[in-house]
Amino acid sequence: MALLVMACSTLLGWGVSIATPTPQQHRAAVPLMVASSGSHTISSSSNVHTGKPVVIVAGGGIGGLCTALVLQNMGYEVRVFEKAKEYRPFGGPIQIASNAAESIRRIDQEVYAKILDASTVIGTRTNGLKDGISDEWFATFDLDSPARKRGQVSSVVIDRPVLQEILLEKVGSAVTKGTEVVGCEQVGERVRVHLSTGATVEGDMLVGSDGIKSRVRDVFDPSRRDPVWSGYTCVAGMAYCVPHDIKDVGYKVWVGSRKYFVSVDVGGGRIQWYAFLNIPPGGITQEQRDDTLGWLKRDEYGDWAADVQFLLDNSPTDEVEQRDLFDRPPDLSWANGRICLLGDAAHPMMPNLGQGGGMAIEDALVLSQEIAKLNLAPDAVPDGTPRRNLPLALQNYQKNRVLRAAAVQGLSRVSSAFLFQYQPPLDIEWGFPPKIKNTGPRSLITRACQGFLQNVAFPLQFEFLFSFPGRIDPEVFDAGCAGDFGTPEASSVSQLRAAKSVDQIGAVEKEFSGAVSGGTKGVKEWLDKYW
Ligand SMILES: Cc1cc2nc3c(=O)[nH]c(=O)nc-3n(C[C@H](O)[C@H](O)[C@H](O)COP(=O)(O)OP(=O)(O)OC[C@H]3O[C@@H](n4cnc5c(N)ncnc54)[C@H](O)[C@@H]3O)c2cc1C
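Computed from a prediction, not measured in an experiment: that's the story for all the values here. (Residues numbered from 1 in each chain as written. Predicted model: local features only at pLDDT ≥ 70, side-chain atom pairs only at ≥ 80, totals over all residues.)

**Q** Pulling in residues and values, what's your account of helix α13 (residues 441-465)?
**A** Between its first and last C-alpha, α13 extends only 32 Å over 25 residues, short of the 36 Å set by a 1.5 Å rise per residue. Those residues of α13 that fall on the buried side of the exposure criterion are T446, L453, F458, F462 and L465. The elements touched by buried residues of α13 are α4 (98-107), β6 (137-141) and α6 (144-148). (Helix = DSSP H or I, 4+ residues; strand = E, 2+ residues; numbered from the N terminus. Expected span 1.5 Å × (residues − 1). Buried ≥ 20, exposed ≤ 12 C-beta atoms within 10 Å, placed from the backbone. Contact = placed C-beta atoms within 7 Å.)

Encoded structure:
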């Protein structure tokens, strides 16, 4: 049957079946055959009658919901299929870094305002790395200046369920929960998506935002390599307490050999913490699982800074979670015809920079920009819907995103690798005679990296991270935002595209010359028409 499906879709256009179908998925694929003979009704939201392009989104995480939001705002009909039966009412807070916040602002001003309202600002305080044992600052970084000089807000933290709720208020009606995308194929200018319920839906394009274990990804990578273990497992918990330095410090990473401990103020007298440990997947014993807090306090962080102990002491056991961390090497292929990947499905990364969700939000913005540009394409269909050119938009989206995402994946890995090799740095106690402490090779490397991290690597990193989304593209955002200017090149390209024929290029300027010769009245009329 699978062969038949492939043969049929090849005949109709070109098609790729996702994964090896389980018996249930085989059943899901059967209607395709029947449908083509006209005797089975495919559950499909066709755009043929409404004229609105239909976008199917696999996965309703941050990436999927932001994609739904921006495309819905553009007038597209969006259908999100989410595997989970219910959104979890709990889950740790997430940093919305300045670049991510600015992307949300451009996606939806109302959502942006609500997110800022519900979050805690950390970017304006001191953030950085501390030595786990001595509790001394190793390096700090400035999150505020690179954001402020671009007119962005400082990085904030928000509870995931609150973020989800804000997004769902806008796009919840487009989400079908408890439904997994199990397969997809392209048939002519349509994409056909198979669901775990046995139904099949059709649309103009499919966005695979189904996370690190994406099934849509199989279209691009049928060999289906597993994600790579990052070298760490992560235990996360919430401490209910107010540390002494709360007014001055937002985000701290205590570093030690092959382990680190992160704390971030998430507001309301709560501190989210993460313990990163070099333990392989499945390496935590049942005993450690039964008393996770005791194990961390005693065996992993027993001789660490008092603040680490303070956080562990004030954390309820039932809010502690553990997960092994995986990522993938950067991948440059995210778009195939009318199907594309987005978020963790395209570029899973280590959480060190707190940018995984941010990259998914940026993806959604760029995808929408590329689709919006189609409206200006000369062969856009008469009602302005750019269906025919969607594959081109997805290719452009891929082109615009892969390098930046690969760089952030790389930076996240490098930062994790640095923390992996960390040893308390070489230290000299000045006296007579001077006493030299920590003389091992890793301690020397650590000390050598210190100035470079503080003065070069961190500033460059945040300049790069916050350089997105940059100036508003006038081709896409007609109205623009206060303080945003398009480049002259972009404006002339936009004018060229807007012109209906070659001799119309420069017509506005010619009219202006005529208006000037007509005196004040002429100029006023010209201004009324074009300003
Ligand atoms: C410890 C930790 C801390 C982090 N902190 C931050 C941070 O502070 N800031 C930040 O920006 N990022 C952070 N991240 C990364 C961030 O969580 C992810 O990058 C982000 O959630 C990716 O969003 P996504 O929508 O692409 O994927 P996901 O959040 O994984 O969402 C995918 C969704 O698809 C659903 N799904 C899966 N398969 C299917 C299918 N076949 N059909 C239908 N639905 C499906 C899933 O149920 C899920 O809801 C952190 C990650 C970790 C592990």
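**Q** So what's going on with unusual backbone geometry? Which residues, and what values?
**A** For the bond from F468 to P469, the omega torsion is -5°, close enough to zero to count as cis. Tracing the sequence through the fold places P469 in the loop between α13 and α14 (488-498). Phi is positive for R258, which is not a glycine, with a value near 60°. The phi dihedral of N438 is positive, around 55°, even though this residue is not glycine. Turning to its location among the elements, N438 is positioned in the loop between β21 (435-437) and α13. With 15 C-beta atoms counted inside 10 Å, the residue N438 sits in the partly exposed group.

**Q** How would you explain the site of the ligand if you had to name every residue and give the values?
**A** Neighbouring residues of the ligand: 32 residues in total, closest G59, G61, G343, G356 and G357. Breaking the shell around the ligand down by element, the ones donating at least two residues are α3 (62-73), β3 (93-96), β13 (228-240) and α11 (356-374). Per element, the largest residue contribution to the shell around the ligand is 4 residues, and it comes from α11. Looking at the shell around the ligand, its residues break down into 12 nonpolar, 14 polar and 6 charged. (Near = placed C-beta within 6 Å. Nonpolar A, V, L, I, M, F, W, Y, C, P; charged D, E, K, R; others polar.)

**Q** Before we move on, could you go through the environment of S98 and cite the residues and values that matter?
**A** Along the polypeptide, S98 turns up in helix α4. Residues S98 and L143, spaced 45 residues apart in sequence, show a C-alpha to C-alpha distance of 8.4 Å. Filtering out sequence-adjacent residues up to four positions away, S98 remains in contact with G123, A147, Q152, V153, S154, S155 and F466.

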